[in-house]
Amino acid sequence: MILGLESSCDESAIALFDPQKGIVGEWIHSQISKHAEYGGVVPDIAVRQHLDQFFPLLEKMRIETTELGEVKEIAVTCGPGLIGCLGVGISIAKTLGQLWGLPVQGVNHLRSHAYSPFIQLGPQFSSWNDFLPHLGLLVSGGNTLLFEIREDQNIKIIARTTDDAVGEALDKGAKLLGIPYPGGAELERYALQGDPKAFHFPRAFQSRNESTFSFSGLKTSLLYQLQKMSKKEINHHHEDLCASYLEAAIDQLTEKCNRFFDGQKYKSFGLSGGVANNNLLRNRFKDLCEKNKLTFLAVEKKHAGDNASMIAFAAHCDRTGLWSNKNGELNFKPGLSIDEATNS
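Residues numbered from 1 in each chain as written. Predicted model: local features only at pLDDT ≥ 70, side-chain atom pairs only at ≥ 80, totals over all residues. Heavy atoms only, no water.

What about helix H2 (residues 43-64)?
Then comes step 1: The end-to-end C-alpha distance of H2 is 30 Å, a good match for the 32 Å that 22 residues give at a rise of 1.5 Å each.
Then comes step 2: For H2, the principal kink sits at Gln53 and spans about 30 degrees; a proline, Pro56, occurs within the next four residues.
Then comes step 3: Listed as buried for H2 are Ile45, Ala46, Gln49, His50, Phe54, Leu57, Leu58 and Met61.
Then comes step 4: Each element contacted by the buried residues of H2 is listed here: strand E1 (2-6), strand E2 (11-18), strand E3 (22-30), helix H1 (32-36) and helix H3 (83-100). (Helix = DSSP H or I, 4+ residues; strand = E, 2+ residues; numbered from the N terminus. Expected span 1.5 Å × (residues − 1). Bend = angle between axes of the 7 residues up to and from the residue. Buried < 20%, exposed > 50% of the residue type's maximum accessible area, 1.4 Å probe, protein only. Contact = heavy atoms within 4.5 Å.)

Concerning the side chain of His238
Then comes step 1: Tracing the sequence through the fold places His238 in helix H9 (residues 238-261).
Then comes step 2: Given a relative accessible area of 12%, His238 falls into the buried group.
Then comes step 3: If we skip the residues at most four places from it in the chain, His238 touches Leu177, Ile179 and Tyr190.

Considerations on the pattern of salt bridges
Then comes step 1: Taken as a whole, this structure holds nine salt bridges when the rule is applied.
Then comes step 2: A salt bridge links Arg284 to Asp251, with the shortest nitrogen-to-oxygen separation between them at 3.0 Å. With a gap of 33 residues between them, Arg284 in helix H10 (residues 279-291) and Asp251 in helix H9 connect regions that are remote in the sequence.
Then comes step 3: Of the residues examined, Asp251 reaches a relative accessible area of 17% and is grouped as buried.
Then comes step 4: Sharing partners across several salt bridges, the network here consists of Arg203, Glu247, Asp251 and Arg284. (Salt bridge = Lys/Arg side-chain N within 4 Å of Asp/Glu carboxyl O.)

Quick word on the side chain of Lys256
Then comes step 1: Within the secondary structure layout, Lys256 lies in helix H9.
Then comes step 2: A relative accessible area of 1% means that Lys256 is categorised as buried.
Then comes step 3: Engagement of the side chain of Lys256 in a polar contact is seen with the backbone oxygen of Thr212, the distance being 2.3 Å. (Polar contact = N/O pair within 3.5 Å; in protein donor to acceptor, adjacent residues only side chain to side chain.)

Following this line, the structure appears as structure tokens:
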């Protein structure tokens, strides 16, 4: 069994993963309410919250499970993320490793997101080759990455954003529209009541065969549109503005991915990261995969954001050599000890 710890940003999370059973326990503390008044994550507050909350979470885990004696390895996020937040999780993991006499493995946060749609398949890992080669899209507040997991189990990034991540663009767009942080989910709620064709916002790089995403122009276009409108007009068209803005972001993602579907021989497509909780985005990609006869693997919503289950799961993948990723770009070398990982 693997104990996973995640502290890359504003979620303190612990999980237990059993290769024979899957995820057997999850404990998480969200800091959203602490950062909401500032309109975004404040690193110093995040660090203090991790220091305050990890030990109560560990105690809760101890009380609620009888399987701690089965833990043979500890996995912890070692990057990317906020330096201070990562330091808290790594320090706790190394301390537990010393106390319990267990190895501690550093796990890359982005690679864990890339693997996360496969968690739902359960412990029957041998069947996963049926899903390779795999095309994956990681969409979050900090990243927009299109990548492939090849049949040789290596990961390669094939497209990324040149500026804002899509989650950042949605949150900032929501703020411009008067929706408090974190605004992405609330933006979608308003969008469902609006007309996505009421306003035109740009879709970057749609006329060029370029492996690039860009969302800064989308955000700027919304700002200019709002500056041309009176407060009364904005209030009257609020839902339409939300719908049109979200539609532009989704269109860019789906159109770019669809180009890689054409002529490729992928068996599956995976959607991961916090923005994967957006139902409109999930449904659009589901339809696109059905059209292209691809298996659609959307990460379970509880594992879309930062969580420790994906950290423990990725550690298992590395330890078993399921995905060796010898030349991948999303990770440190598989199976690194925490000391090797943090020195990379």
